[in-house]
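So you can see what is in the structure, the chains are spelled out below.
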Amino acid sequence: MAETENRSIGDKSSVLTYTQIKAKRQRYMRKVATSKDKGIKSRQRGVLVTCGTRQESQCIKESLLLLSESAEKLIPGLFDDGSKNDEGSSADKAKNLEDELGKLRHQGKGQGGAVFSRSDVGVHGTIFIKFERDDLDPAKVVTELLDDVRETGQNRSRYAVRFIPVHDSCYAKPAEAAAMCQKLAKEKLPPAKEDAEDSEKPTFAIVFRKSNSSMAHREDYIKQVAEVMPKGYKVNLKNPDWVLILEVMKSTCCAALLKRYYELGKFNIQTLYERSPKAGKAAGPDKLPEAQQEQSAADVEPLAEKTEKYAAQSSEGTQKAEKDEDKPEVDNSDKQESAVGK
């Protein structure tokens, strides 16, 4: 008995170390389980954001900031927790950046819960930001962001590429996707007259994409979804009024009804920035400082003189070449043959 007690006392440090390791492992597993949802569940709304592989962590922070600014434009004071900041704290924005990111995840005015949360979709280069509030429309938030990029010509996105709104989600089966899209069409699409002329009927198109889902076939989804669309609408693949997005990822199907899909560069923020008339415009001579204007003018004058000089030299060379052409050619064939004979 004494030996057992002595051995337990002697091994007390090892027992405590094992207990600490076990508790640490349990805390880690709980943290991983609660930090993000495992997959996109049914009846969820949000935004799918694509980025480069191994850039998901940077893309999450960037997307949260961009979406939060657009959401606050639609709902002023969305992230206001009621506290008043003094002048010192408002001046030091870089110091409070992490606190602001925390607010985006855990605070929301009026509902007391999170505004955004992250779900793991199981696809590299793709993240899903779930909208926790019912009064936030993902399509309106993303459209506000893209319109701002096109009007200002400023792209603050370094990692995010495409922002695809998600109005609803379900299990990845054509029948369930058709039922989901039928319900979504009744909520989002305005009623159309069946007896109207073809030129007056509203149009729609279906865009299907899949990732990590080899069992999903494009034809099956499009056929069943097209059958449940309203009868007053007709198909137009070039310039539709509405675009129905179907994103199949593993065992989940996400859907959204979007307007201005092709006008906004297929909701690709990088493409929209390149198309913006204000994007990438260099400063002209009128916008340069006076010192740079004088320097540019001084550089232009010698360049003009050099151009005239090169033009004169080229004309002299041309005249000389014409004179040489008028001279009779000398036959040196005999000299060459004699040299070879020697």
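Every value quoted in this text rests on a predicted model; they were computed, and no experiment measured them. (Residues numbered from 1 in each chain as written. Predicted model: local features only at pLDDT ≥ 70, side-chain atom pairs only at ≥ 80, totals over all residues. Heavy atoms only, no water.)

A.B. asks: Got a minute to help me understand the packing of helix α3 (residues 56-74) against helix α6 (residues 138-152) in this structure?
C.D. replies: When two helices pack together, their arrangement is given by the angle between their axes and by how far apart the axes lie. Two numbers describe how α3 lies on α6: the axes approach to 9 Å, and their chain directions differ by 105 degrees. Considering their axes alone, α3 and α6 lie roughly perpendicular with respect to each other. Here Leu66, Leu67, Ser70, Ala71, Lys73 and Leu74 of α3 lie close against α6, whose contacting residues are Lys140, Val141, Val142, Glu144, Leu145 and Asp148. Along the lines of polarity and charge, the residues of the contact of α3 with α6 split into seven nonpolar, one polar and four charged. (Axes fitted to C-alpha atoms, helices over the stretch in contact; angles between N-to-C directions. Helix = DSSP H or I, 4+ residues; strand = E, 2+ residues; numbered from the N terminus. Parallel < 35°, antiparallel > 145°, perpendicular 65-115°, else oblique. Contact = heavy atoms within 4.5 Å. Nonpolar A, V, L, I, M, F, W, Y, C, P; charged D, E, K, R; others polar.)

A.B. asks: Can you help me understand the packing of helix α7 (residues 174-188) against helix α8 (residues 218-227) in this one?
C.D. replies: Where α7 contacts α8, the two axes come as close as 9 Å, and the packing angle between them is 35 degrees. Pair α7 / α8 crosses with right-handed handedness. Of the residues in α8, those in contact with Pro174, Ala175, Ala177, Ala178 and Cys181 of α7 are Asp220, Tyr221, Gln224 and Val225. Its residues assigned to classes, the contact of α7 with α8 comprises seven nonpolar, one polar and one charged. (Left-handed = near helix turned anticlockwise from the far one by under 90°.)

A.B. asks: Is there a simple way to explain α7 in this structure?
C.D. replies: Side chains that are three or four residues apart share a direction in an α-helix, a result of its 3.6 residues per turn. Taking 1.5 Å of rise per residue, the 15 residues of α7 would be expected to cover 21 Å, and the 20 Å separating its terminal C-alpha atoms lies within 8% of that figure. Turning to α7, its buried residues number three or more, namely Ala177, Ala178, Met180, Cys181, Leu184 and Ala185. Angular distribution of buried residues about the axis of α7 spans 165 degrees; they occupy a single face of the element. Exposed and facing more than 90 degrees away from the buried side of α7 are Ala175, Lys186 and Glu187. Contacts made by the buried residues of α7 are with β6 (168-171), α8, β9 (242-249) and β10 (252-259). (Expected span 1.5 Å × (residues − 1). Buried < 20%, exposed > 50% of the residue type's maximum accessible area, 1.4 Å probe, protein only. Arc of directions from axis to C-beta.)

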